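Architecture at a glance
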Amino acid sequence: MDVAMTSTTDPVCPSCGGHVSTADRFCEACGAELKPGELAPAAPALDTDTEPTVEIHALPPAGPCTSCGGTVGADGYCETCGTKAAKPRDHFSEQPAPWVAGVCDRGIRHSRNEDAMAIAADPEPGSRALLVVCDGVSSSLDSDVASLAGARAARDVLTAGHAQGIGTESSRSGAIVARLNAAADAASDAVLENTSPDSPNPASCTFVAVVLEDGLLVAGNVGDSRAYWFPDASEAVALTVDDSWAAELIATGISRAEAESGPHAHAITRWLGKDAPDHTPRTTTVRITEPGWVMVCSDGLWNYCSEAAPLADLTRQTAAAHGGDPLATASALVDWANAQGGQDNITVTLARV
């Protein structure tokens with residue numbers, strides 16, 4: 001999420017100009033050795049490379065060096081070739097059931113992954129799935145930690161129980177919306193708990209969540225991470241409306257292409273965080289009556305395919321090429337976004353109904 005509230009001045013690599021940390025021994029972008037005294041201060045930028053101050057738990061451990069297969073030392077560099085190892089936070093996946101999966105990736109441009117996801121599902125295909133994505137604001141401190149904590153807190157609230165209402169579909173929909181609101185509250189609390197009270201640039205992130213229960217699909221969002229419904233034989237549906245300057249321009253009649261390519265295209269108007277306005281999700285409810293795909297994603301994907309119809313076509317074609325497997329499809333869509341430039345972190349979560 002390339003949204004600037006304030007900016008920082010981290011040093012840059014003298015060889016390629018990429019952002020680096022004063023603790024780095026090699027540039028992640030070009031591999032050049034970094035020597036003390038040679039690092040140049042960077043111009044104010046939207047992205048920060050500050051390492052998280054809160055440990056991320058329950059992600060897969062880093063494996064051997066991806067360059068040579070050697071052992072990665074305690075300092076995070078290969079003891080054989082000196083390559084900096086990928087962090088578990090840079091790329092991870094979840095698949096709670098065969099019909100639901102997600103992939104979260106750092107992308108190419110960014111030095112850390114500020115996207116996060118947390119998903120859950122019942123074993124029976126099409127029965128119950130919970131998809132949550134949070135996209136950390138790049139210029140805020142510890143947004144990578146806060147976004148993951150927020151996504152997981154929201155998922156935990158949503159998995160607490162089924163929303164029954166009083167037996168009618170409208171009351172069940174209302175009960176799910178209430179749970180989505182509670183999930184957003186929990187995510188907001190988690191973001192606040194993972195930012196310093198006196199931080200000059202408190203952690204911030206977007207929020208989008210989808211609840212699929214027995215044919216009822218409810219989506220809620222704060223910010224510009226999105227949810228979609230792609231039925232196999234009917235028109236694709238965008239389930240969310242961005243809280244962004246671009247969305248406000250579109251509402252005035254400016255074309256989507258023009259609004260989303262402007263200088264403030266990704267400036268969000270609502271978010272989760274200490275300095276956030278109201279974070280009550282804007283919700284949409286849809287009755288599922290045919291097979292299809294539910295997608296929840298960050299702007300790292302939709303940056304390159306914003307309209308619902310072409311994104312649905314891309315998803316269907318990708319799924320067909322990967323045997324309809326949600327994990328392989330999500331991974332291929334992440335690869336596709338990276339092939340388009342990978343200018344942002346990328347998260348794709350899918351449920352096959």
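Residues numbered from 1 in each chain as written. Predicted model: local features only at pLDDT ≥ 70, side-chain atom pairs only at ≥ 80, totals over all residues. Heavy atoms only, no water.

Our next topic: the packing of aromatic side chains. Applying the stated criterion to the full structure yields 2 aromatic pairs. Sitting over the ring of Trp302, Arg226 keeps its end group 3.4 Å from the ring centre. (Phe/Tyr/Trp six-rings, centres within 6.5 Å; stacked < 30°, edge-to-face > 60°. Lys NZ or Arg CZ within 6 Å of the ring centre and 35° of its normal.)

Turning to the sheet that holds strand 6 (residues 128-135), a few remarks are in order. As summarised here, the arrangement of the 5 strands in space is 5-6-8-9-13, forming an open sheet in which the pairing is antiparallel. Both outer strands of the open sheet, strand 5 (115-121) and strand 13 (282-287), are each paired with one neighbouring strand and no more. Across the sheet, the axes of successive neighbouring strands diverge by a mean angle of 10°, strand direction being ignored. The strands touched by helix 1 (residues 143-158) are strand 5, strand 6 and strand 8 (207-213); relative to strand 5, the strand with the most contacts, the crossing angle is about 20°. Contacting strand 6, strand 8, strand 9 (216-222) and strand 13, helix 2 (residues 169-193) runs over the sheet at an angle of about 145° to strand 8. (Pairing = 2+ DSSP bridges. Helix = DSSP H or I, 4+ residues; strand = E, 2+ residues; numbered from the N terminus. Axes fitted to C-alpha atoms, helices over the stretch in contact; angles between N-to-C directions. Contact = heavy atoms within 4.5 Å.)

As a further point, take the sheet that holds strand 15 (residues 346-352). Pairing between the strands of a sheet comes from backbone hydrogen bonds, and it takes one of two forms, parallel or antiparallel. Strands sit in the order 3-4-15-14-10-11 across an open sheet of 6 strands; the sheet is antiparallel. At either end of the open sheet lies a strand with only one pairing partner, and these are strand 3 (91-97) and strand 11 (237-238). Pairing geometry for strand 10 (residues 226-231) and strand 14 (residues 292-297), over 6 bridges, is antiparallel. Counterpart to Pro231 in the pairing with strand 14 is Gly292. Seen against the sheet, helix 6 (residues 308-321) touches strand 10, strand 11, strand 14 and strand 15 and runs at an angle of roughly 65° to strand 10.

As enumerated under the stated definition, the model contains 14 salt bridges in all. One salt bridge connects Arg287 with Glu169, and the closest N-O pair in it is separated by 2.4 Å. Of this pair, Arg287 sits in strand 13 while Glu169 sits in helix 2; the two residues are 118 residues apart in sequence, bridging distant segments of the chain. Given a relative accessible area of 35%, Arg287 falls into the partly exposed group. (Salt bridge = Lys/Arg side-chain N within 4 Å of Asp/Glu carboxyl O. Buried < 20%, exposed > 50% of the residue type's maximum accessible area, 1.4 Å probe, protein only.)

Mapped onto the elements, His110 comes out in the loop between strand 4 (100-105) and strand 5. With a relative accessible area of 5%, His110 lands in the buried category.

The next subject is the environment of Ala332. Structurally, Ala332 is set in helix 7 (residues 326-339). Along the backbone, Ala332 and Val348 are 16 residues apart, and their C-alpha atoms lie at a distance of 9.7 Å. Among all residues touching Ala332, those that are not within four sequence positions of it are Thr318 and His322.

Core analysis: the biggest nonpolar cluster contains 50 residues, and Val132, Leu158, Phe207 and Leu217 have the highest contact counts within it. The element contributing the most residues to this core is helix 2, with 7 residues. Leaving out residues up to four positions away in the same chain, Val132 has contacts with Ala116, Met117, Ala118, Ile119, Ala151, Ala154, Arg155, Leu158, Phe207, Val208 and Ala209. (Core = buried A, V, L, I, M, F, W, Y, C linked by side-chain atoms within 4.5 Å.)

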